[in-house]
Amino acid sequence: SAAVAPAAERGEHWWPVAAAIIVAAGLHVALPARYRVQPAWLIPAVLLALLAALIIGDPGRIDQQKRWLRIATGAVIAVITLANLLGAGRLVVEILTNNKLFANHPGGLLAAGGVIWATNVIAFALLYWDLDRGGAAARAHHPYDNPAFVFPEMQHTDYVPPAWVPQFVDYLSLAFWTATAISPTDISAIRPWAKLLMMLEAAGSIILAALVIARAINVL
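What counts, and at which threshold
Residues numbered from 1 in each chain as written. Predicted model: local features only at pLDDT ≥ 70, side-chain atom pairs only at ≥ 80, totals over all residues. Heavy atoms only, no water. 1 Å grid on protein atoms, 1.4 Å probe; cavity = no way out; pocket = protein on both sides within 12 Å on 5 of 7 lines; lining within 4 Å. Points joined across faces, edges and corners; volume = space filled by probe spheres on them. Helix = DSSP H or I, 4+ residues; strand = E, 2+ residues; numbered from the N terminus. Nonpolar A, V, L, I, M, F, W, Y, C, P; charged D, E, K, R; others polar. Patch = residues over 30% accessible without salt bridge, like charges linked within 9 Å, V, L, I, M, F, W, Y side chains within 5 Å. Areas by Shrake-Rupley, 256 points an atom, 1.4 Å probe, with all protein chains shown as cover. Salt bridge = Lys/Arg side-chain N within 4 Å of Asp/Glu carboxyl O. Axes fitted to C-alpha atoms, helices over the stretch in contact; angles between N-to-C directions. Parallel < 35°, antiparallel > 145°, perpendicular 65-115°, else oblique. Left-handed = near helix turned anticlockwise from the far one by under 90°. Contact = heavy atoms within 4.5 Å. Buried < 20%, exposed > 50% of the residue type's maximum accessible area, 1.4 Å probe, protein only. Lys, Arg positive; Asp, Glu negative; His and termini not counted. Polar contact = N/O pair within 3.5 Å; in protein donor to acceptor, adjacent residues only side chain to side chain.

Put simply, the largest pocket is a space of about 390 Å³. Lining the largest pocket are 17 residues, with Leu85, Ala88, Asn120, Phe124 and Gly204 sitting closest to its centre. At the level of secondary structure, the elements contributing two or more residues to the lining of the largest pocket comprise helix 4 (67-97), helix 5 (106-131) and helix 9 (192-219). Of the residues that constitute the lining of the largest pocket, the class distribution is 11 nonpolar, six polar and no charged.

So this is what it looks like as structure tokens:
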């Protein structure tokens, strides 16, 4: 039965996570040159190399509990987060100090802000996904140990398989709604670190949105 399926069958597929990492790499390239790490190919190359190492090191479903795989996963999240933080910092500084910023192109300002916002959602989704219950591989072996978030499926068990465990799309939903609703929605954090991360994401989202929208309205 599903409840006693081996870890290799319970593990997540790589493709949703890989797709998110590839999208994050593409979004970084889509940023205006002054907001991205130079040369433009550097961040995508690093992310794709780390992703390839992860998939080769843990082929099939995600179930290999190896220290270097956790470190490589952390490196992917750190690269996405730091590169996006650099872009967000430069954009915020320019909004606050440059009265001529995007003076003739408010759409470009909204696009740059949107790219940074979307990348931030992916970064936090990966962070929640990697930290909850010890990460994806640990969830394959010990599905119910030390949850940091309570998902609706955990309370409404009649609507999901007996051995339901959150996967990447569930953490992506958590990150998206935290960034848009600026509050918990149907998913609750029950660990202090999880609550602090959600607070950090919500605060960053509202500051970025407020500054970008206010600047765009001022330009218009």
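Judged by side-chain polarity, Trp41, Leu42 and Val46 come together as a nonpolar surface patch covering roughly 280 Å² of accessible area. Tracing the sequence through the fold places Val46 in helix 3 (residues 42-57).

For any two helices packed against each other, the geometry is given by the interaxial angle and the distance between the axes. Axis separation between helix 3 and helix 4 bottoms out at 10 Å; the angle between their running directions is 160°. Judged on the interaxial angle alone, helix 4 and helix 3 are roughly antiparallel. In the packing of helix 3 onto helix 4, the handedness of the crossing is left-handed. Residues Ile43, Val46, Leu47, Leu50, Ala53, Leu54 and Gly57 of helix 3 lie in contact with helix 4, whose contacting residues are Trp68, Leu69, Ala72, Thr73, Ala75, Val76, Val79, Ile80 and Ala83. Taken together, the residues that form the contact of helix 3 with helix 4 break down as 14 nonpolar, two polar and no charged.

What follows deals with unusual backbone geometry. Most of the time, phi is negative for any residue but glycine, and the peptide bond is trans. Of the consecutive residues Gln38 and Pro39, the connecting peptide bond is found in the cis state with omega at -5°. Within the secondary structure, Pro39 is located in the loop between helix 2 (15-30) and helix 3. Not every positive phi belongs to a glycine, and Arg133 is a case in point at roughly 55°. Along the polypeptide, Arg133 turns up in the loop between helix 5 and helix 6 (136-141). By relative accessible area, which is 7% here, Arg133 ends up buried. Notably, Asn146 is not glycine yet its phi reads approximately 50°, a positive angle. Mapped onto the fold, Asn146 is located in the loop between helix 6 and strand 1 (149-150).

Turning our attention to the side chain of Glu201. Tracing the sequence through the fold places Glu201 in helix 9. It is Arg139 that comes nearest to the buried, bridge-free Glu201 among opposite-charge side chains, at 15 Å. In this structure the side chain of Glu201 is engaged in a polar contact, spanning 2.7 Å, whose partner is the side chain of Tyr128. Residues contacting Glu201, with those up to four places away along its chain left out, are Asn120, Val121, Phe124, Tyr128, Ala175, Thr178 and Ala179.

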